[in-house]
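# An overview of the molecular structure
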Amino acid sequence: MKTFKFLTPYLAAGSLALLLLSGCSKKADVAPNYNEDDLAPFSVEFDNIVGEKTLAFNNTTSPYTNAAGEKFTVSLVQYFISNIKVSKADGTTYTVKQDSSYFLIKGADRATRFAKVKVPEGDYTKLTFTLGVDSLRSTMDVSKRTGVLDPAAGMDDGMYWGWNAGYIFFKLEGNSNVISDDVNGDPTGKKQFKYHIGGFGGYSAPTINNIKTVTLDLTTGGIAKVRKDRQSNVHLFVDLMKVFNGKNSFSIAAHPNVMFSDYSVNIAGNLTELFRHDHTEN
């Protein structure tokens, strides 16, 4: 009771009620402790497209055109997907064990387009995941960041800023003739654009936070009926055109290179619009 020594009776009662409600909420959110044998195969497929076209790299004969009327080609796209969670119609959720829930999707490597995990059997109507790497994992000891999160591997893939000690969550590179040849564009004359989006909020001081959570309703395209005797796969289209044409639409000519800068927040705001559920294979 020492906690309420200097509170009025009304505030004390209110605070106690909040504590009780908080305790109940936490208890309700605790998921059953499933064994590996209790889980069934489930996957999410990330199928990269540009507008209504299939992604083709360096396709100069048929370039893409954004809302600003700028023609462009794509030379590279990669992004981290993590913290996968599935939900049933009754609100029951299951979050995949974090150590098994980090994936690097590489546009040039079709084998990486599947995020394969295991979840309890059930009919799932909603899918949630993080685009990027959460702050907790980003600040863990390197020994806890293995596989695609190994900083050394990240540097090899170009998905880790050694100078900034942080992951690049989303990377898109390409070319467009609208890019100038001066310091405001590409001084090499190669007409390259580069969008390297990252930032988890800062370790010892607040910084840019571009971590994004994506939640998709599966009911229209088909719910995921997860069973042990078969693979359930949620097929998503990832529309890279939304990088330019999302709610924060912009011109390539005006912003040809965006990395760890204030403007990256605008592009990060577009990234949640990339993902669209097409269908589910059960």
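Everything discussed here concerns the structure shown above.
Everything in this summary refers to the structure shown in the same document. (Residues numbered from 1 in each chain as written. Predicted model: local features only at pLDDT ≥ 70, side-chain atom pairs only at ≥ 80, totals over all residues. Heavy atoms only, no water.)

## Examining the overall build of the protein
When its secondary structure is counted, the protein shows 5 helices and 17 strands. The 282 residues of the protein split such that 42% are buried. Of the roughly 14600 Å² of accessible surface on the protein, 52% is carried by carbon and sulfur atoms. (Helix = DSSP H or I, 4+ residues; strand = E, 2+ residues; numbered from the N terminus. Buried < 20%, exposed > 50% of the residue type's maximum accessible area, 1.4 Å probe, protein only. Areas by Shrake-Rupley, 256 points an atom, 1.4 Å probe, with all protein chains shown as cover.)

## Concerning the pairing of strand β15 (residues 232-239)
Consecutive side chains along a regular strand alternate between the two faces of the sheet. Counting buried positions along β15 gives 8 out of 8 residues, so the element sits mostly inside the fold. Burial of the side chains of β15 extends over both faces: S232, V234, L236 and V238 are buried on one face and N233, H235, F237 and D239 on the other. Examined bridge by bridge, strand β1 (residues 39-50) and β15 share 8 bridges and lie parallel to one another. For D47, the partnering residue across the bridge sits in β15 and is F237. Note: β15 against strand β17 (residues 275-281), 6 bridges, orientation antiparallel. (Pairing = 2+ DSSP bridges.)

## So, the nonpolar core
Ranked by size, the top nonpolar core spans 52 residues in total, and within it F46 and F275 carry the most contacts. It is strand β4 (residues 71-87) that contributes the most residues to this core, 7 residues altogether. Within the second largest apolar cluster, 12 residues are counted, among which are L104, Y160, W161 and F169. (Core = buried A, V, L, I, M, F, W, Y, C linked by side-chain atoms within 4.5 Å.)

## Overview of the pattern of salt bridges
Taken as a whole, this structure holds 6 salt bridges when the rule is applied. Of the charged contacts in the structure, one is a salt bridge between R137 and D99, with a shortest N-O distance of 2.9 Å. With a gap of 38 residues between them, R137 in helix α2 (residues 135-138) and D99 in the loop between β5 (93-95) and β6 (102-106) connect regions that are remote in the sequence. Among the salt bridges present, the one from D123 reaches R227, with a minimum N-O distance of 2.9 Å. You can see D123 sitting in strand β8 (residues 122-124) and its partner R227 sitting in the loop between β14 (224-226) and β15, a full 104 residues away along the chain. (Salt bridge = Lys/Arg side-chain N within 4 Å of Asp/Glu carboxyl O.)

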